[in-house]
Amino acid sequence: MVIPCSSFLFIMVNVVMFIKHMFEERMMPVDTALLILEDGTIFHGTPYAQRGRSSGVLFGTTAAFGYQELLTSQDVTGKIVLFTTPHIGNTGVLDLGEDSQYTAAGVIIRDPIARGSHYQKTGELEEALKNAGVVGIQQVDTRAIMRKIRDTPQTATILSGEDAHNYLVVHS
């Protein structure tokens, strides 16, 4: 049986498309983030601020304001800050002076605000954290995480972007 060249190409293209589709179904998106607690609990979200990896003790806060002051405080140096208030970043970033450096190792936010609305803002929170190298995760249930760590403080690791993708590939 002789198959015409155009039919053969059509079949091959469809086979390649089918294989590609099956392969992509099993792949995890690179634009993902994970929060891994020391007890093994994993929360899935999306990257926020800097992509990469960060570990530290979780520091939970229920404050609805003062996020910039908290993230630059010496109290959170090397810690991952968990905000239970749903919206963080609504005023943007204000100029706190040259001595003000972001000291947090990471940040966990449920629904960050993309554009701050304060008339004196000098930038956006996500961009400021990214420039400071602070790794973050968003779109996670921050209240569930707070309930989990309220009685027993835990260390955690945030993996985002390529690091999260590699973790999921190895552990799936």
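If you're wondering where the values come from, they're calculated on a predicted model, not measured in any experiment.

Reading guide: rules and limits
Positions within a chain are numbered from 1, following the residues in the order the chain's sequence is written. With pLDDT at 70 or above as the cut-off, local features in this predicted model cover only qualifying residues; side-chain atom pairs require 80 or more to be listed or tallied, and sums for whole chains, interfaces and linings still use all residues. Here the side-chain values reflect all heavy atoms present in the structure, with hydrogen atoms and water set aside. Helix and strand definitions here come from DSSP, where helices need a minimum of 4 consecutive H or I residues and strands a minimum of 2 consecutive E residues; each element is numbered from the N-terminal end. Note on exposure labels: buried denotes an accessible area under 20% of the residue type's maximum, exposed denotes more than 50%, and partly exposed covers the range between, all computed with a 1.4 Å probe on protein chains only. Whether two residues touch is decided by their heavy atoms; if any such pair falls within 4.5 Å, the residues are in contact. For every accessible area listed, the method is Shrake-Rupley and the probe measures 1.4 Å; residues are considered covered only by the protein chains on display. To define a nonpolar core, start from buried Ala, Val, Leu, Ile, Met, Phe, Trp, Tyr and Cys residues and group those joined through side-chain atoms within 4.5 Å. In this description, the arc belongs to the directions extending from the helix axis to the C-beta atoms. For two strands to pair, DSSP has to find at least two bridges joining them. Axes here mean lines fitted to C-alpha atoms, for a helix over just the part in contact, with angles spanning 0 to 180 degrees between N-to-C directions.

Caption draft 1: Structural detail: the overall build of the protein chain. Each helix and strand counted, the protein chain has five helices and nine strands in total. Reading the secondary structure of the protein chain in the N-to-C direction produces α-β-β-β-α-β-β-β-β-α-β-α-β-α. Evaluated residue by residue, the protein chain yields a buried proportion of 40% over its 172 residues. Across the protein chain, every contact between residues at least 6 apart in sequence was considered, and the portion connecting residues at least 24 apart equals 79%. Here the protein chain has roughly 10,300 Å² of accessible surface; of this, 56% comes from carbon and sulfur atoms.

Caption draft 2: Examining the nonpolar core more closely. Leu-71, Phe-83, Tyr-102, Val-107, Leu-125 and Leu-129 are the most contacted members of the largest nonpolar core, which has 18 residues in total. Listed by contribution, the elements that provide at least two residues to this core are β2 (42-49), α2 (67-71), β4 (80-83), β6 (106-109) and α3 (125-132). Residue contacts for Phe-83: discarding those within four places in its chain leaves Thr-61, Tyr-67, Leu-70, Leu-71, Ile-88, Val-107, Ile-108, Ile-109 and Thr-142. Membership of the second largest hydrophobic core comes to 17 residues, among which are Ile-108, Met-146, Ala-156 and Ile-158.

Caption draft 3: Fine view of α3. Among the residues of α3, those classed as buried are Leu-125, Ala-128 and Leu-129. Seen along its axis, α3 keeps its buried residues to an arc of 95°; they face one direction. Positioned one or two residues after α3, Gly-133 has a phi angle of 80°, which is positive.

Caption draft 4: How the structure looks around the pairing of strand β3 (residues 53-61). Across five bridges, β3 lies against strand β9 (residues 155-160) in antiparallel orientation. In the sheet register, Val-57 faces β9, and the bridge partner there is Thr-155. By the bridge criterion, four bridges tie β3 to β4 in an arrangement that is parallel. Paired with Phe-59 across the two strands is Val-81, which belongs to β4.

Caption draft 5: Main features of the sheet that holds β4. Pairing is mixed in the closed barrel, where seven strands are placed in the order β1-β2-β8-β6-β4-β3-β9. Geometrically, the sheet is characterised by an average inter-axis angle of 35° between neighbouring strands, direction not taken into account. Against the sheet, helix α4 (residues 142-149) makes contact with β1 (33-37), β2, β3, β4 and β6, and its axis sits at roughly 120° relative to β4, the strand it touches most.

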